[in-house]
Amino acid sequence: LAGIDANKLKQLRNKNLRDCFLHFEQDPYRMQFTARIHGIEFINDAISRTPNATWYSLETVDKAVIWIANGDNNETDFTSLIPLALRKIRMLICVGTDNHRLHDVFSGIIPTIIDAGSIKEAVSKALYSDIENGVVLFSPACENGKSINQQGEEFKREVYDL
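A.B. asks: How do you make sense of the overall build of the protein chain when you look at a structure like this?
C.D. replies: For the protein chain, the count of helices and strands is seven helices and six strands. Burial statistics for the protein chain: of 162 residues in total, 45% are counted as buried. Residue pairs at least 24 apart in sequence account for 67% of intrachain contacts in the protein chain once pairs closer than 6 positions are excluded. Element-wise, carbon and sulfur atoms account for 49% of the exposed surface of the protein chain, whose accessible area totals about 8,600 Å².

A.B. asks: What should I look at first to understand the pairing of strand 2 (residues 40-44) in this one?
C.D. replies: Remember that side chains alternate between the two faces of the sheet whenever the strand is regular. Summarising burial for strand 2: five of the five residues are buried, a large majority. Looking at chain direction, strand 1 (residues 32-37) and strand 2 are connected through five bridges and run antiparallel. Bridge assignment links F33 to a residue of strand 2, and that residue is I43. In textbook terms, the turn of a hairpin is the stretch between consecutive antiparallel strands, and for strand 1 and strand 2 this stretch comprises two residues, one of which, H38, has a positive phi near 50°. In this structure, strand 2 lies alongside strand 6 (residues 135-138), joined through four bridges in parallel fashion. Following the sheet pairing, I43 is matched in strand 6 by L137.

A.B. asks: Hey, could you run me through helix 6 (residues 119-127) in this one?
C.D. replies: Within the sequence span of helix 6, burial applies to I119, A122, V123, A126 and L127. Down the axis of helix 6, the buried side of the element spans an arc of 130°, and every buried residue falls inside it.

A.B. asks: Can you help me understand the sheet that holds strand 6 in this one?
C.D. replies: In a beta sheet, neighbouring strands are held together by backbone hydrogen bonds and run either parallel or antiparallel to one another. Spatially, 1-2-6-3-4-5 is the arrangement adopted by the six strands of the open sheet, whose pairing is mixed. Edge positions in the open sheet fall to strand 1 and strand 5 (112-116), since each of these has one partner strand only. Averaged over all neighbouring strand pairs, the angle between strand axes comes to 20°, with direction disregarded. Across the sheet, helix 6 is in contact with strand 1, strand 2, strand 3 (65-70), strand 4 (89-95), strand 5 and strand 6; its angle to strand 5 comes to roughly 145°. Its contacts with the sheet place helix 7 (residues 148-160) against strand 1, strand 2, strand 3 and strand 6, and it is angled at close to 15° to strand 1.

A.B. asks: Just checking my understanding: could you explain the packing of helix 6 against helix 7 for this structure?
C.D. replies: Geometrically, a packed helix pair is captured by the angle between its two axes and the distance between the axes. Axis separation between helix 6 and helix 7 bottoms out at 9 Å; the angle between their running directions is 45°. Considering the angle they form, helix 6 stands oblique to helix 7. The chirality of how helix 6 crosses helix 7 is right-handed. On the side of helix 6, the interface is formed by I119, K120 and V123, while helix 7 contributes Q151, E154, F155, E158 and V159. For the contact of helix 6 with helix 7, the per-class residue count stands at four nonpolar, one polar and three charged.

A.B. asks: Honestly, the pattern of salt bridges in this entry has me stumped. Any pointers?
C.D. replies: Opposite charge on two side chains permits pairing when their charged atoms draw close. Counted under the stated rule, the structure contains ten salt bridges. D45 serves as the salt-bridge partner of R30, at 3.4 Å between the closest nitrogen and oxygen. Of this pair, R30 sits in the loop between helix 2 (15-21) and strand 1 while D45 sits in the loop between strand 2 and helix 3 (51-60), and the two are 15 residues apart along the sequence. Taking the shortest distance from any N to any O, the salt bridge between R87 and E59 comes out at 3.5 Å.

A.B. asks: I tried to follow helix 3 on my own but got confused; where do I start?
C.D. replies: Helical periodicity: at 3.6 residues per turn, an α-helix aligns residues three or four positions apart in one direction. Turning to helix 3, its buried residues are P51, A53, T54, S57 and L58. Seen along its axis, helix 3 keeps its buried residues to an arc of 155°; they face one direction.

Parameters at a glance
Residues numbered from 1 in each chain as written. Predicted model: local features only at pLDDT ≥ 70, side-chain atom pairs only at ≥ 80, totals over all residues. Heavy atoms only, no water. Helix = DSSP H or I, 4+ residues; strand = E, 2+ residues; numbered from the N terminus. Buried < 20%, exposed > 50% of the residue type's maximum accessible area, 1.4 Å probe, protein only. Contact = heavy atoms within 4.5 Å. Areas by Shrake-Rupley, 256 points an atom, 1.4 Å probe, with all protein chains shown as cover. Pairing = 2+ DSSP bridges. Arc of directions from axis to C-beta. Axes fitted to C-alpha atoms, helices over the stretch in contact; angles between N-to-C directions. Parallel < 35°, antiparallel > 145°, perpendicular 65-115°, else oblique. Left-handed = near helix turned anticlockwise from the far one by under 90°. Nonpolar A, V, L, I, M, F, W, Y, C, P; charged D, E, K, R; others polar. Salt bridge = Lys/Arg side-chain N within 4 Å of Asp/Glu carboxyl O.

This is the structure in structure tokens:
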């Protein structure tokens with residue numbers, strides 16, 4: 001069921017099944033379209049705080065990806081994301097002050113890896129990248145001490161301020 005659009009479930013013909021899904025709420029910050037600027041889509045996936053959750057998000061995107069990820073958690077194993085990174089990610093923007101783990105895992109796999117000290121800086125760098133008609137996916141892939149709401153709202157605010 002994870003891959004089925006919640007709105008489609010609410011339109012089922014079977015009344016009993018439809019009633020079950022009418023109260024289904026989508027998670028905030030789960031693949032939330034934020035804006036399209038100069039042909040680039042900005043997607044807020046702040047709720048994805050594990051590599052598995054980020055894997056799902058990357059799998060659903062069908063365009064070239066600029067991935068904004070948290071870099072300040074050096075215990076996270078990002079290796080499960082390597083196959084998708086090879087196929088989809090054109091740029092990785094590491095947010096944080098200690099991003100060496102992301103660099104170590106994705107060097108030679110993702111063509112461009114850069115650091116950003118904040119989400120504001122990451123969003124700005126993503127907009128001015130040379131990737132056309134792509135998707136900027138904010139999907140942290142690990143914890144960094146900030147809440148999902150805090151990071152999700154910060155990403156939206158910075159995109160809206162562009």
